[in-house]
Amino acid sequence: MVPSAGAGLAITDPSTDRLWEVLFCPFASRGTTVRSSEQGVLSRKRGREPRLEMGDPQGNLCTDAGVGDLVTEKCLVASKGPARRVQLACSGQYCAFPLDGNALCVWNTDDPSYQPLTLRGHHEPITAVAFGNAVSPLLVCSASRDYVIMWTLDECRQKALQGLTPRGVVMGTLLGKVLCLRLSPDDRAVAVCAGKKIFMLDTESQSTRAELEGHRGAVTAAEFCLWQTHLIISVSEDRSFKKRVFPKVWDHHMGSLIYNSSVLTASPLLSLLIDAESRQLVTGCANGQLWIFSLVEGHHYRCVTRVDLKKKSESFFRRVESRLCSLPEEGQRVCTDGLEKGEEVEASLPVLGLGPCDLSLVLPAECGCLPSENTTCLWIGSSAGLFIFNLANFELEAVLHYKDFRSSSIQVAGSCAVMSKVGGEKAVCLLTSLCGCKIALLEIYAAALVRSQRGHNAGRDLSVLPRAHVLSTSPLYFRPAEENRTQPAPQRQSAMRSTIKDQPLVFHSKVRSSGYASTPHKEYPLESSPPTKVHKQRVIAHGPVAVSCVQYSGDGRWLACGLANHLSLVFRADLTGTPAVFSGHDGAVSTVCWSHDGRWLLSTSRDGTLRLWSLRGAELALCVGKDVFSKPARSAQFYYIDTFILLSSGPELQLLKYHVATCRDGIQRYKQKSRCKGVFRLPTTGMTEITSLSAVNDFYSYLVLTAGRNRTLEVFDLNAGCSAATIIEAHSRPVHQICQNKGSSFMTQQHQFYNLFATTATGDGIKLWDLRTLRCERCFEGHPNHGYPCGIAFSPCGRYVASGAEDRHVYMYDVGSSTFSHRLAGHTDTVTGVAFSPSAPQPGSCARPRVMEVGTHLLSPCSAALEAPWTLGHGLASGDTGCRRHRCDGLVMSSTTEPRPSTEALTWLIPR
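Residues numbered from 1 in each chain as written. Predicted model: local features only at pLDDT ≥ 70, side-chain atom pairs only at ≥ 80, totals over all residues. Heavy atoms only, no water.

What the chain contains, in helices and strands, is 7 helices and 67 strands. Across the 912 residues that make up the chain, the buried fraction comes to 57%. Taking the intrachain contacts of the chain between residues at least 6 apart in sequence as the baseline, contacts between residues at least 24 apart amount to 55%. Surface accessibility of the chain: about 38,700 Å² in total, with carbon and sulfur atoms responsible for 50%. (Helix = DSSP H or I, 4+ residues; strand = E, 2+ residues; numbered from the N terminus. Buried < 20%, exposed > 50% of the residue type's maximum accessible area, 1.4 Å probe, protein only. Contact = heavy atoms within 4.5 Å. Areas by Shrake-Rupley, 256 points an atom, 1.4 Å probe, with all protein chains shown as cover.)

Structure, rendered in structure tokens:
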């Protein structure tokens, strides 16, 4: 165990007690080989595990330094020179990093007692390291200003064990300062990012395939497309042009530029990752922002979302602290370490590295509704800590700050590489210090980290489907009407029975069939495709009118729409005939809602009144004015299978019991015999105004969902008569609509899917939530929605979420992914409302113009469209010269602002 005098390092084989010296070739050219050796000293101390040490010129290297239950510092190296701002490499079993400037050190992460392999051959400091993608042979490439060298790891180790000098192959010489290396999926090519160029080198012939030019700044990262291996995507910094960055897509076989994006940010992009499952590109910049682009064919590299890492981190810690406050004291101990320092985040969190993260063993147990294979996470390495980011909902799953662990040798990182091990339970992270010469290898228990910062069984008792009987103290408890009736006297009943004689039962006419022998009703097709094109048009009204809301009846036979001219219209589902007109409101109709039996229509208006209409004769059955509400009713619906009317009035959730008189005196017809009274009131937490509410009326359910102006979602359990759960900071802006996956009477979903609901807010996209976990499971941000509230709707099959958008399209999202599946064109302005037909796969939509001038229209399918498996109607919102149309499954309503006698409405159809 004698250090080498020439190199300051040596390695001893414990079995043979043989010492290998360090040899390297001082000069090399392209195609020649470079020799190196395996180094390190193995020593055993009394009562301790094997410990790796190095001489003073190389610094000290120690292992197994415990820093907590979640993180272990497996290795610490003090190098001669700083190693910040270099590309580090991690694979499933190894990690590689520059040591003492021009040496390459390879460490086995599975077995710390395994000797580190130090490879020498560079004269200049190594600036980039990368592993190959093949398991056997495993390649590692290193680059400096003088050489780009390819090493075969197994051969190098075998030669070192045999007493020979390992050799590497020089792929290129004098290419300049290399900031990034990346090997192709088949390891036949290596992309070398040097300066403003990308050199494509052939690993077999050691020749240059192509030189890709076009960047105006130093290329900082590059990635090969896994499903199109001839494509490579790169990012760079251009400090001569206000430090702005231009991501580019190349065809490296042809050496041509395919796509050049616009300027993204004033800070340089530092890292890049391509996720093959979600077909998304993720890039991180120096100011702590993540940019996510869609690589799906036909999306034209559109930007899906932009994430501010600092804001996400602060919001994450606030949510964790709110969950801890609701847990018992013994449950708080796991997550309290470091939470007090969560707010002390740096002004910016530069994204130094990105890596895949496998949480398939953690997420499925809590998210049974959505398939876990569609949930992709990634590691984000920053100067201040590590983050686990979910690409499905664009939220942080866990945050780990280096300074939260006192035993950590590196508090601020200069470079970072992180990789999950097989199985996903653990991950390895390689760090270099920003201001020193330390290099540390961390082992992180990823699964335990996520569980420690997640709510413990947050929604275990919440379910849309009731799990217990109605309590006698519940406001939902009521006696059936038959029990309240006066029973006739027993004596009279006996007398009546005595007058009735048994007679044979004779039918003098045909008896109508009970329906069991008839053809069953047509069920909703589960595997239908979304609509793709417009089919039919129809004018609704003339004049400066806009359609504000639409809804189908439960049986799919009728379509109701509320207008800004104080009227409500009811059309047949096929849009034939004359619509029924309901008049009486003194303000724009804000909501319309059908009863479960389809006999009654409920409407609310900006005049502060709630009106109940009879579909037969379009007559007013009940009017509830301001004397009942402390503040105007913002949202209202039937609830508990038409037993109650549920509404929001300011910060209160109110439950009304109503009675509708079906018979009237012809002389005193003007007298209203219907009545309504409040039976229960429940204020929101913090007395914040309710902006939207939702509850199931097709079956008995105790839960009511509300959204507040303070961006909080609250779940009320009306069986217990209290608030059951709250979700703070659900969106960055107040939620303007909550939409539950209610299904329809024409099809049945799995029971757990009824616990899904979606929320939308202006400028913050759509979020898909699960009641059982109270977590956001998906985030849909492909549609532009920055200034006007755009409505959303679930398809009856539960597979799709439709949304209006400001780019005059309707977007169809698949709940299993975060990318829209179809975009429906045909409108001329913002689409603000959508609805699906419960009986046929026909979505519809409505829009709300900024300037309402000419007319409102309803779009519907023709007979051919009704027979097709998918039709969609929609509506638009118009500006000063545009048109607003409203869409509903197979129907579309629109209003225009152009002075035309009529405007068209659209319906989409996809053929069988």
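Picking up after the structure, the text goes on.
This part takes up the packing of aromatic side chains. Following the criterion strictly, the structure yields 12 aromatic pairs and no others. Site record: aromatic cluster; members linked through ring pairs are Tyr-639, Tyr-640, Phe-644 and Tyr-700. Positioned above the aromatic ring of Trp-227 is the side chain of Arg-279, whose terminal nitrogen or guanidinium carbon lies 4.3 Å from the ring centre. (Phe/Tyr/Trp six-rings, centres within 6.5 Å; stacked < 30°, edge-to-face > 60°. Lys NZ or Arg CZ within 6 Å of the ring centre and 35° of its normal.)

The feature "repeat: WD" (unreviewed entry), as annotated in UniProt, sits at residues 582-616 in this numbering. Each end of residues 582-616 is marked by a C-alpha atom, and these two atoms are 11 Å apart; helix forms 0% of the span and strand 51%. (UniProt positions renumbered as here; feature names shortened; annotations may be inferred.)

Here the focus is the sheet that holds strand β26 (residues 289-294). Taken in spatial order, the 4 strands line up as β24-β25-β26-β27 in an open sheet, and their pairing is antiparallel. Unpaired on one side and paired on the other, β24 (269-275) and β27 (303-308) mark the two borders of the sheet. With direction set aside, neighbouring strand axes in the sheet form an average angle of 15 degrees. Of the strand pairs in this sheet, β24 and strand β25 (residues 280-285) are connected by 6 bridges, and their pairing is antiparallel. The residue of β25 that forms the bridge with Leu-273 is Val-282. (Pairing = 2+ DSSP bridges. Axes fitted to C-alpha atoms, helices over the stretch in contact; angles between N-to-C directions.)

Let us look at the sheet that holds strand β43 (residues 610-614). Read across the sheet, 4 strands follow the order β41-β42-β43-β44 without closing on themselves; strand pairing throughout is antiparallel. With one partner strand each, in any of the chains shown, β41 (589-594) and β44 (619-624) form the two edges of the open sheet. In this sheet, neighbouring strand axes are inclined to one another by 20 degrees on average, regardless of whether the strands run parallel or antiparallel. For β43 and β44, the ladder comprises 5 bridges, and the chain directions are antiparallel. Its bridge partner lying in β44, Leu-610 is registered against Val-624.

What follows is about the environment of Leu-622. Position of Leu-622 relative to the elements: it lies in strand β44. On the basis of relative accessible area, Leu-622 is assigned to the buried category, the value being 3%. Measuring from C-alpha to C-alpha, the distance between Leu-622 and Arg-611 comes to 5.7 Å, with 11 residues separating the pair along the chain.

So, about the side chain of Asn-719. Mapped onto the elements of the fold, Asn-719 is located in the loop between β51 (713-717) and β52 (722-727). The exposure class assigned to Asn-719 is buried, which follows from its relative accessible area of 7%. One polar contact links the side chain of Asn-719 to the main-chain amide nitrogen of Leu-471, over a distance of 3.0 Å. Excluding residues that lie within four positions of it along the chain, Asn-719 makes contacts with His-469, Val-470, Leu-471, Ser-474, Leu-476 and Tyr-702. (Polar contact = N/O pair within 3.5 Å; in protein donor to acceptor, adjacent residues only side chain to side chain.)

The next subject is the pairing of strand β19 (residues 208-212). The pairing of strand β18 (residues 197-202) with β19 spans 4 bridges and is classified as antiparallel. If you follow Met-200 over to β19, its bridge partner there is Ala-210. The hairpin formed by β18 and β19 contains 5 residues between the paired strands, and Gln-206 there has a positive phi angle of roughly 50 degrees.

Before going further, it helps to spend a moment on unusual backbone geometry. Between Ser-136 and the following residue, Pro-137, the backbone shows a cis peptide bond with an omega angle of -5 degrees. With respect to the helices and strands, Pro-137 occurs in the loop between β12 (128-131) and β13 (139-143). Of note, His-566 is a non-glycine position whose phi angle comes to about 75 degrees, a positive value. Within the secondary structure, His-566 sits in the loop between β38 (558-563) and β39 (568-572). Take His-566: its relative accessible area is 30%, and that puts it in the partly exposed class. Notably, Met-687 is not glycine yet its phi reads approximately 55 degrees, a positive angle. Note on placement: Met-687 falls in the loop between β48 (675-683) and β49 (690-694).

Counting 27 residues, the largest nonpolar core has Trp-379, Leu-386, Ile-388, Cys-429, Leu-431 and Ile-444 as its most contacted members. Residues within four places of Ile-388 in sequence aside, it is in contact with Cys-357, Leu-359, Cys-377, Leu-378, Trp-379, Glu-395, Leu-396, Glu-397, Ala-398 and Val-450. The next biggest cluster of nonpolar side chains, apart from the first, holds 23 residues, and it includes Ile-292, Val-307, Phe-316 and Val-351. (Core = buried A, V, L, I, M, F, W, Y, C linked by side-chain atoms within 4.5 Å.)

Another point: the side chain of Arg-302. Mapping Arg-302 onto the fold places it in the loop between β26 and β27. Salt bridges are absent for the buried Arg-302, whose nearest opposite-charge side chain, Glu-781, sits at 8.5 Å. The residues touching Arg-302, leaving out its near neighbours within four places in the chain, are Ile-292, Phe-293, Ser-294, Gly-782, Thr-819 and Phe-820. (Lys, Arg positive; Asp, Glu negative; His and termini not counted. Salt bridge = Lys/Arg side-chain N within 4 Å of Asp/Glu carboxyl O.)

Turning to the pattern of salt bridges, a few remarks are in order. Taken as a whole, this structure holds 16 salt bridges when the rule is applied. A salt bridge links Glu-395 to Lys-312; its shortest N-O distance comes to 3.2 Å. Here Glu-395, found in strand β31 (residues 395-401), pairs with Lys-312, found in helix α2 (residues 309-325); they are 83 residues apart in sequence, far enough to count as distant. The closest approach of N and O atoms between Asp-807 and Arg-823, which form a salt bridge, is 3.6 Å. Remark: Arg-823 occurs in strand β60 (residues 820-824) and Asp-807 occurs in the loop between β58 (800-804) and β59 (810-814); sequence separation between them is 16 residues. Overall, Asp-807 belongs to the buried group, its relative accessible area being 19%. Salt bridges sharing partners connect three or more residues here, namely Lys-312, Arg-319, Glu-395 and Lys-767.

Inspection of the entire model under this criterion finds 0 disulfides. Free of any disulfide, Cys-779 has its nearest cysteine sulfur in Cys-776, 5.5 Å distant. For Cys-779, a relative accessible area of 1% translates into the label buried. (Disulfide = S-S within 2.5 Å.)

Once that is clear, we can look at the environment of Gly-798. Along the chain, Gly-798 turns up in the loop between β57 (792-794) and β58. Separated by 58 residues in the primary sequence, Gly-798 and Gln-740 have C-alpha atoms spaced 9.8 Å apart. Among all residues touching Gly-798, those that are not within four sequence positions of it are Asn-741, Gln-749 and Val-815.

Turning our eyes to something else, we now look at the confidence of the model for the chain. Scored by pLDDT, the chain comes out at a mean of 74, with 69% of its residues at no less than 70. When pLDDT is averaged over each helix and strand of the chain, the minimum, 26, is found for helix α7 (residues 863-867) and the maximum, 96, for strand β50 (residues 703-708). Contacts for the low-pLDDT stretch residues 239-246, under 50 throughout, to residues beyond four places or in other chains number 32 contacts. (pLDDT = per-residue confidence, 0-100.)

Right, let's get into helix α1 (residues 153-161). Taken together, the buried positions of α1 are occupied by Leu-153, Cys-156, Arg-157 and Ala-160. Looking straight down α1, one finds its buried side chains confined to an arc of 95 degrees; they lie on one side. Looking one or two residues beyond α1, the residue adopting positive phi is Gly-163, at roughly 85 degrees. (Arc of directions from axis to C-beta.)

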